[in-house]
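Observations on chain architecture
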Amino acid sequence: MLRIGCHLSSSKGFLAMAKTAESIGATTFQFFTRNPRGGAVKEWLPEDVAAMLEYFEKAGIAKPLAHAPYTLNACAKEERTREFALETFADDLKRLEMIPGVMYNFHPGSHVGQGAEEGIRLIADTLNKTLWQEMHTTVLLETMAGKGSEVGRSFEELRAILDRVELSDKMGVCLDTCHVWDGGYDIVEHLDDVLGEFDRIIGLERLHAVHLNDSMNPCGAHKDRHEKIGQGHIGTEAFRKIVTHPMLKNLPFYLETPNETDGYRAEIALLRGMEE
Ligand code: FE
Ligand code: FE
Ligand code: ZN
């Protein structure tokens, strides 16, 4: 059975997210580790986390995906900005040890004119300073649309980061359908080729999660504007092929479409209905 969920607000705590997930037919979900716009970080209560984990068993929920604030930039030009990203990663990773089986997804960053090669070096450097041997969380690099100077716009760039990380076995990739499409990978007409290329360059065993988003823009637009499933340039039929593809169907899927809970409930039902 499809493991599918969506991005949920963490403002009411962990147990509340698990309950919301179950109420919309989700068996997984994604959440921000903290407010992406900054501000004070709320404490994670061990009893709330424990209650969520207990609820997981009852509701058949697994594979929660933590998303780092998208405002972080591990390859910024300013040293202070890079340090802030490093401190935030380190603090998030420490907290995430409370949640067994969690994965931590982040946007590699924007090199802001320093060049992709330097960006890749700085991102790997940040990871080498924050990962540790005994940690339990799998850290995922997200495939990016290539907006502005975003690093991670191609499978090659992600591979180059992975190659530089010492504790590389802690690392994986999250494929975002809107981002790869905007990045120029035609998953509508050539899904098999794109997945073959991913396997050849990165290795399919590195793929741990899929963000399901339609796109407001054509393939290669480098824009990153998410659209509701079936209402964008990717379209319903492509999503049917994606969620039933033998190379993908056992992965967890997370919707990040512009929806409230009712819209997510409908999209989850739509995608579940696509299973053979
Ligand atoms: Fe993201
Ligand atoms: Fe995403
Ligand atoms: Zn996006």
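Not measured: the values here are computed from a predicted model.

The rules behind each value
- Residues numbered from 1 in each chain as written.
- Chains lettered and ligands numbered in written order.
- Predicted model: local features only at pLDDT ≥ 70, side-chain atom pairs only at ≥ 80, totals over all residues.
- Heavy atoms only, no water.
- Donors = N, O, S within 2.8 Å, 3.2 Å for Na, K, Ca; no water.
- Helix = DSSP H or I, 4+ residues; strand = E, 2+ residues; numbered from the N terminus.
- Buried < 20%, exposed > 50% of the residue type's maximum accessible area, 1.4 Å probe, protein only.
- Polar contact = N/O pair within 3.5 Å; in protein donor to acceptor, adjacent residues only side chain to side chain.
- Core = buried A, V, L, I, M, F, W, Y, C linked by side-chain atoms within 4.5 Å.
- Contact = heavy atoms within 4.5 Å.
- Axes fitted to C-alpha atoms, helices over the stretch in contact; angles between N-to-C directions.
- Parallel < 35°, antiparallel > 145°, perpendicular 65-115°, else oblique.
- Left-handed = near helix turned anticlockwise from the far one by under 90°.

Next up on the list: the coordination of the iron ion (ligand 1). For the iron ion (ligand 1), the protein coordination sphere consists of His 67 (NE2), His 107 (NE2) and Glu 142 (OE), at 2.1 to 2.2 Å. The sequence pattern describing where the donors of the iron ion (ligand 1) fall on their chain is H-x39-H-x34-E. Metal-to-metal, the separation of the iron ion (ligand 1) and the iron ion (ligand 2) is 3.3 Å; Glu 142 coordinates the two. Residue His 67 is located in strand E3 (residues 65–67), and its partner Glu 142 is located in strand E6 (residues 138–142); the two are separated by 75 residues in the primary sequence. In this structure, His 67 and Glu 142 share a single accessibility class: buried.

The subject of this paragraph is the coordination of the zinc ion (ligand 3). Coordination of the zinc ion (ligand 3) by the protein is provided by His 179 (NE2), Asp 224 (OD) and His 226 (NE2), with metal-donor distances spanning 2.0 to 2.3 Å. If you list the donors of the zinc ion (ligand 3) from N- to C-terminus, the spacing comes out as H-x44-D-x1-H. For the pair the zinc ion (ligand 3) and the iron ion (ligand 1), the metal-to-metal distance amounts to 5.3 Å. Placement of His 179 in helix H6 (residues 177–182) and of Asp 224 in the loop between strand E10 (214–215) and strand E11 (226–227) is noted, with a sequence separation of 45 residues between them. Across the pair, exposure class does not vary: His 179 and Asp 224 are buried alike.

Among the residues examined, Asp 224 registers a relative accessible area of 16% and is labelled buried. Taking the C-alpha atoms as reference points, Asp 224 and Gly 183, separated by 41 residues in sequence, lie 8.7 Å from one another. A distance of 3.1 Å separates the side chain of Asp 224 from the side chain of His 226, its partner in a polar contact.

On to the nonpolar core. Leu 127, Leu 212 and Leu 271 are the most contacted members of the largest nonpolar core, which totals 78 residues. When sequence neighbours within four positions are dropped, the list of residues in contact with Leu 271 reads Leu 2, Ile 4, Leu 212, Ile 229, Phe 239, Val 243 and Leu 255.

In the contact formed by helix H5 (residues 155–164) and helix H7 (residues 191–201), the axes pass within 10 Å of each other and the chain directions differ by 25 degrees. The orientation of H5 with respect to H7, classified from their angle, is roughly parallel. Considering the relative orientation of H5 and H7, their crossing is right-handed. Of the residues in H7, those in contact with Phe 155, Glu 156 and Arg 159 of H5 are Val 194, Glu 197, Phe 198 and Ile 201.

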